[in-house]
Structure formats: structure tokens, C-alpha cells
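Listed here are the chains, written in short residue letters.
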Amino acid sequence: MSGLLGLAARSAWNRRGTLSLTVVSIALATLLLLSFERMRTDIRDSFTSAVSGTDLVVGARTGPVQLMLYAIFHLGGATNNVRMDSVREIARHRAVEWVVPMSLGDSHRGFAVLGTTPAYFERFLYGDRQALAFARGRAFSGDLDGLYQAVVGAEVARRLGYTLGRQVTLSHGSGAIPGAEHADKPFTVVGILAPTGTPVDRTVHVSLEAIEAIHLDWGGGAPMPGVHIAPEQARKFDLAPKQVTAALLGLKGRVAVFAVQRHVNEYAGEPLMAVLPGVALDELWDVVGVGERALLGLSAMVAVVSLAGLVAVVLAGLNERRRELAVLRAVGAGPRHVLWLLAAEGALVTLLGAALGALLSVLLVAAAGPWIQARFGIGLQLSAPTAAQWGLLGAVLAAGFAASLVPGIRAYRLSLADGLSPQG
Amino acid sequence: MIEIRQLRYAWPRAGHDVLAIDAFEVAAGERVFVHGPSGCGKSTLLGLLAGVLLPREGEVRLLGRSWASLSGARRDAMRADHVGYIFQQFNLLPWLDAAGNVTLPCRFSPTRRQRAGDAEHAAASLLARVGLAERDWHRPAAQLSVGQQQRVAAARALIGAPEVVIADEPTSALDAPLRDAFMDLLLGACRDAGSALVFVSHDERLAAPFDRRVSLPALNRVRAEVPT
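Every value quoted in this text rests on a predicted model; they were computed, and no experiment measured them.

Criteria and cut-off values
- Residues numbered from 1 in each chain as written.
- Chains lettered and ligands numbered in written order.
- Predicted model: local features only at pLDDT ≥ 70, side-chain atom pairs only at ≥ 80, totals over all residues.
- Helix = DSSP H or I, 4+ residues; strand = E, 2+ residues; numbered from the N terminus.
- Buried ≥ 20, exposed ≤ 12 C-beta atoms within 10 Å, placed from the backbone.
- Contact = placed C-beta atoms within 7 Å.
- Pairing = 2+ DSSP bridges.
- Right-handed = clockwise from strand over helix to strand, strands pointing away.
- Axes fitted to C-alpha atoms, helices over the stretch in contact; angles between N-to-C directions.
- pLDDT = per-residue confidence, 0-100.
- Expected span 1.5 Å × (residues − 1).
- Arc of directions from axis to C-beta.
- Core = buried A, V, L, I, M, F, W, Y, C linked by C-beta atoms within 7 Å.

Draft legend 1. Broad picture of the overall build of chain B. Each helix and strand in chain B was counted, giving nine helices and nine strands. Split into buried and exposed, the 228 residues of chain B put 50% on the buried side. Once local pairs closer than 6 in sequence are excluded, the contacts in chain B between residues at least 24 apart make up 76%.

So this is what it looks like as C-alpha cells:
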């Protein structure tokens, strides 16, 4: 067989044009499959990495999914608020290290407005315990000087073209009602956050006191008639928040998490609830998982189409070789020689293509990852292939190899007749 | 060397025989010219002689062994060991040089490798014998003229001195002067190697130098009204 190897190599070199096309097509199929799979898993990861480093999310008693939806994803609204006293009370539990209260409900041109404390920018972690970073500027100061300061997420800044120093006004509620604007108290953008791929990108952050200030002259969801408190006057009022929407809790040790959860759930002052973000996110993912199943279906279709293309390319390449195989058969090559030639080449070409495709997908993630993260908020990870990706690689290899064997069997039947008949 | 007894052959899906030959022999070293018009079953006959096709009835023997008694793999090995084959055209691997093409049978048949001795050396002397200039020995076959290619094919059919050389209209792509030169070379080389030659052609002008000429339509007891 070693004599054949030389022949195989020279034959392949002679057809290097067609073969490189085959390799490229296999590489593209592999790239498509791997990237798609990577995207699918990373979208899930992006989703479940919306919050980390927070041990418990506390809110008024409702379902865990609802609590996560409004507290972390800023979607929908809370049915009830949490008294600030209760938050302070819970913060006194000996296992609690920090509490970040959050006040939601207003919006800015479709983006959620989050009232919180400056500690939020240190305590809130996402992804693999990554901290928020400022692309420009800094956090709002949290004192009266910084009352009308705002920090915007990366997507807010990009979509609305905001830069530092920009004056913005907030809308009451989701912004759906015209005229419900806090136009009298404009804010100044003092910080723009770096992209995170989480809902933080789509959020405008202000202080809790600011939320109080803009609602001083409001009642029942509308400006109170005849009452107008100027921005400067507002500083003279007691702006300490009475109520918040939810709070993030960090513990001194993970062991206490169930004890603190029970403590919150059994809190006597008002009906409260604490959820473990990881558990709740998984639950939430199950709700929105329909999208993932659609992606999975799409992934399967991409796989079938690209593998079919791969088989077609290999089969088309065989026509070019019919005469060559006929000559080999005529000079004494047996069927096993012909099969070996085709199989060896098929295996090599498929392997080369799959390796190239895998390399391309790594390069793609490395090159386009940051851009995709910034643009679409999907954090593509440069990590070892997942089990599913190995499976896909295996499928590409098996399909390519099988595709090169099928014509081998056909070639065996045809080649002698081709060679020994004059119409050759 | 080659014996045909009571042969009947029909194409797999045809309802009638195309070849019916009661007896036909080729002796060792004999050079036989088989002629007949196009479509009279010449290629079918060669397929039967080389064991590519098996008769419906009767038998075809090579060196005393019936092709039908051998397995597919044994037929392949038998053919590689004892039969050299020349087609009308496209005999060579275009990307392989002339010498490489000539030594191809030695890669697949230990018998012929053994008989050829040093394959490179045997190829060189055969290429010289068929009159290919030495500067062309290491050029890829695709760069050779059709006449040169057919001479390389003849050299290849003869390497390792197979008992039988089967030539299927090998001169059909050559013009008259080339054709005559090729015939001389082929017949001479076969005589040197001691190989029997079965040469089929529709062109009876080529028959003169052969030991024997056979008309396939006369030999075949099926009247050729159906093209093969």
C-alpha cells in the first residue's frame, strides 16, 4: 500500500484546485456549524450571566420569575414596593455583607431608569464575576451635588449617541403617556458604562434621591396641579427614599444563603421574598427557552444543509477521477486499492477542512468577539469545544468520510467497464 | 494460452445473445488480428478474454484456468499478473511521468514486479524499445503527443512480460505514418517479450504482419444485426 500513498499524493496534488475547493467548503460548513453552536450556548450563557456575585434578590412577594424580570431585566413592573425600613432591617442580619436597593419605574426614550446607590457600580457583577467598568466618566456622586447626574449603559449611549455632559430628561412610567415627562428636572450624563451584554447596557442609572426629587411634585402618576418644585428647591426636601422596588443582597459566605432567604421570606414587617438569582434565571430561561429550541432546530437544518453540500462536492470531484480510476483498475489495482485511495483522500481532505473550519471559528470568535459583545451584547467565549461541538465535528468528519466512500463503491463498479470499453 | 469453448454471451438486461463462439484459441506468443465493423462485439470479446465479463454459457480460459471459476479478487489478480492492456486512448495517468506510468503494473502485481527485475531499468529499456526519446521519459504524460502516449501505453502493457497483451484499437487516434510506426514497435516488442497479442481493429489494412487474422463476424454465430 505504501506505493499507493505516493500515487495518492501526486494524484491529489494534480487535482489541488478542486480539492482546495472541497477543503474550503468543508471548512465553511464546519465554521458555520461550530459558530452556530457557539452562538447558541453563549446566548444562553449571556442570559444566565445577567447577574452574578449577588447572593439574593429581594422584592415584594410575587413569583421568582417575575421578580427577576423586573429587578434584573427591567421588564414589566412590580406589583408592590419594599419599604426602605425593611431593606435596612434585612441589611442588619449578621450574614449580610452589603445591600444595594433599586428603584424602578421610570424610563428614558424606551430605556429603563434605575435609581440606586453608588455602591451598585462596585457590587453589581455580571458574567463570570466581572465588575462594571466605565468606558467614560464616572459614577454619580450620590450626594446632593450629584443629584441630577446620570450614568448610561453602553447601548443607551450608542443608540442615542450620548456623550458626557449631555442633558437628558426622564419620563414617568414606561414613557407611553405623552406629557408625563420630568422635563423640569434635566439630568447630566456623567458616566458611560462599558458594554456588558446584560440589561445594564440598556439602563439609565441615577441616584435613589434623584428618583425622589423628580417625583416630589407628582401624585398618583401625574404632576400635582398648581404645585411646582424647581430643581434647586428640591435639594432642600428630605430626599431619603421611603420605598424601593427591589434590593440586591451580598452575603459574607455562601453557606448562609438559605438562612437569609428564610429570614427574608419570614420577615414580619411586610410580605417579602428572596430568590437565588441562578435558580431563578434557570427558571426564567425555561420560560423563554422556546427561542433556544428554535435555534436548535435552525442549527440542525444548517448541519443537514452543509453536510449535504459537502457530500455533493465530494461526489462531483469523483467524476473528474473516473478515467484515472479506470486506468488504475486496468493496470491491476484491485477494488480495495481503489477504495483505499478514495478513502485516504476523503479522510485527509475532510480532516483538513474540519481543522481549517475549527481554526477559522476560533479566529472569528477572537476577532469578532469584542465587536459582537459590544454590538449585540452576546459574550462569545474563546473556550474549549463543548460536547455538542465535538459531536458536530465528528458528524462533519463522518459525513465527509462516508461521502468519499460512497463514490468509491460506485467507482469500483464503473471503473473497469469504463476502462475496458472504447467509449472511455 | 487463451481458449474459448461454447461461449454464449448476452448483456445483462438483453433478451438475446450478442456473442456465440464455439471455439477460439490463442497460442503462447501468437499474434492474432481480430477484425470486424464497429458494433460487432469486439470490445465485448476483449472484456470476456480479460475476465471483466463472464459468459452466460461455456467458458473462457486463460493459462488453463476458467475466469468463471475465480472470485472477483482472484480475477483482478490474475488479470494484473498475466494480461497487459492497451486502450484506444487515455491510457495514462496524465500527472505521472512516462516512466512512472510504465512501472504502474509493477506496483500492483508482485508477479510482474518480479519478472521485470528492476522496474526502473525495465521501464527504461521498454521506453527505448518503443522509441520514446530519453528526454521525454520524465515528462508528465499529459505533455506527450498522442503518438508518444500510445507508445508509453504499449511499454506499460509489456512490462513484466505478461503472457497476453490485449490491444483495443490502439491506433485509432493516430494518423497513418504514426500508426505504421506504432504497429511495428508493438509487434516487435511483443515478440521480444514473448507475449501473445490479441489486437482488435476495424481496419483490415493493419492485418498483414500478424500470424493469424480472424474475422469476428465470421466467428460469431449470432448474426450482428443488433449493435452492442
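Having put the structure on the table, let's press on.
Draft legend 2. Fine view of the overall build of chain A. Counting secondary structure elements, chain A contains 13 helices and 17 strands. When the 424 residues of chain A are sorted by exposure, 41% land in the buried category. Put simply, of all contacts in chain A between residues at least 6 apart along the chain, 80% involve residues at least 24 apart.

Draft legend 3. Just the pairing of strand β8 (residues 196–201) of chain B, in detail. Residue and element names in this part refer to chain B. Counting buried residues along β8, six of its six residues qualify, which places the element largely inside the surrounding structure. Pairing of strand β3 (residues 31–35) with β8, which is carried by five bridges, proceeds in the parallel orientation. Each residue of the ladder has a partner; that of Val32, found in β8, is Val198. Relative to β8, strand β7 (residues 164–168) runs parallel, the two being bridged by five bridges. If you follow Ala167 over to β8, its bridge partner there is Phe199. In the classification by handedness, the crossover that spans β7, the intervening helix α8 (residues 176–193) and the parallel β8 is right-handed.

Draft legend 4. Just the sheet that holds strand β17 (residues 272–275) of chain A, in detail. All names here are of chain A. Taken in spatial order, the four strands line up as β3-β16-β1-β17 in an open sheet, and their pairing is antiparallel. The open sheet terminates on both sides in strands that have one partner only, identified here as β3 (96–102) and β17. Sheet twist, expressed as the mean angle between neighbouring strand axes with direction ignored, is 25°. Sheet topology note: the strand β1 (residues 56–60)/strand β16 (residues 246–251) ladder contains four bridges and is antiparallel. Within the sheet, the bridge partner assigned to Leu56 lies in β16 and is Leu249. Sitting on the sheet, helix α4 (residues 84–91) is in contact with β1, β3, β16 and β17, with an inclination near 165° to β3. Packing against the sheet, helix α9 (residues 257–265) makes contact with β1, β3, β16 and β17, and its axis sits at approximately 160° to β17.

Draft legend 5. View of unusual backbone geometry. Phi is positive for His74(A), close to 55°, though the residue is something other than glycine. Among the secondary structure elements, His74(A) is positioned in the loop between α3 (64–71) and β2 (82–83). Look at His74(A) and you get buried, because 21 C-beta atoms sit within 10 Å. Unusually for a residue other than glycine, Leu63(B) sits at a positive phi of about 55°. Mapped onto the secondary structure, Leu63(B) falls in the loop between β4 (57–62) and β5 (65–66). C-beta crowding within 10 Å serves as the criterion here: with 13 such atoms nearby, Leu63(B) is assigned to the partly exposed category.

Draft legend 6. Broad picture of the confidence of the model for chain B. Looking at chain B, pLDDT values average 87 and 97% of them are 70 or higher. Across the interface, the model reports ipTM at 0.82; the global pTM reads 0.65.

Draft legend 7. View of α8(B). Residues and elements named next belong to chain B. The end-to-end C-alpha distance of α8, which contains 18 residues, comes to 26 Å, matching closely the 26 Å that a straight helix rising 1.5 Å per residue would cover. Turning to α8, its buried residues are Phe182, Met183, Leu186, Ala189, Cys190 and Ala193. Projected onto a plane normal to the axis of α8, the buried residues spread over an arc of 145° and lie on a single side. Facing away from the buried side of α8 by over 90 degrees, the exposed positions are Ala176, Pro177 and Arg191.

Draft legend 8. Structural context of the confidence of the model for chain A. When pLDDT is averaged along chain A, the result is 82; 89% of the residues meet or exceed 70. Across residues 419–424 of chain A, confidence stays below pLDDT 50; counting only partners more than four residues off in sequence or on other chains, it has 21 contacts.

Draft legend 9. Here's a closer look at helix α1 (residues 42–49) of chain B. Here α1(B) lies mainly inside the structure; eight of its eight residues are buried. Following α1(B) by one or two positions, Gly51(B) adopts a phi angle in the positive range, close to 75°.

Draft legend 10. Structural context of the environment of Ala116(B). Residues and elements named next belong to chain B. Relative to the assigned elements, Ala116 resides in helix α5 (residues 110–116). Each C-alpha atom, one on Ala116 and one on Gly160, is 4.2 Å from the other, the two residues being 44 residues apart in sequence. Apart from residues no more than four positions distant in its own chain, Ala116 is found in contact with Cys106, Ala122, Ile159 and Gly160.

Draft legend 11. Local environment of the interface of chain B and chain A. Opposite the 26 residues of chain B that make contact, chain A presents 19 residues. Secondary structure elements with two or more residues in the side of chain B that touches chain A: α1, α2 (72–82) and α4 (104–108) of chain B.

Draft legend 12. Spotlight on the sheet that holds β4(B). All names here are of chain B. Pairing is antiparallel in the open sheet, where four strands are placed in the order β2-β1-β4-β5. Edge strands, defined here as strands with exactly one partner in the open sheet, are β2 (19–26) and β5. Pairing between strand β1 (residues 2–9) and β4: five bridges, direction antiparallel. Counted as the bridge partner of Glu3 is Arg61 from β4. Seen against the sheet, α1 touches β1, β2 and β4 and runs at an angle of roughly 120° to β1.

Draft legend 13. Representation of the nonpolar core in the model. Among the nonpolar cores identified, the biggest contains 83 residues, and Ala155(B), Leu158(B), Ile166(B) and Val198(B) are the most heavily contacted of them. Dropping the residues within four chain positions of it, Val198(B) is found in contact with Val26(B), Val32(B), Val34(B), Leu49(B), Val164(B) and Ile166(B). Of all hydrophobic cores here, the second largest spans 66 residues; its members include Ala157(A), Ile192(A), Ile214(A) and Leu272(A).

Draft legend 14. Seen up close, the pairing of strand β9 (residues 149–152) of chain A. Residue and element names in this part refer to chain A. Of the two faces of β9, both are covered, the one formed by Gln149 and Val151 as well as the one formed by Ala150 and Val152. Relative to strand β11 (residues 187–193), β9 runs parallel, the two sharing four bridges. In the strand pairing of β11, Ala150 is matched with Val189. Relative to strand β12 (residues 203–207), β9 runs antiparallel, the two sharing two bridges. Following the sheet pairing, Val152 is matched in β12 by Val204.

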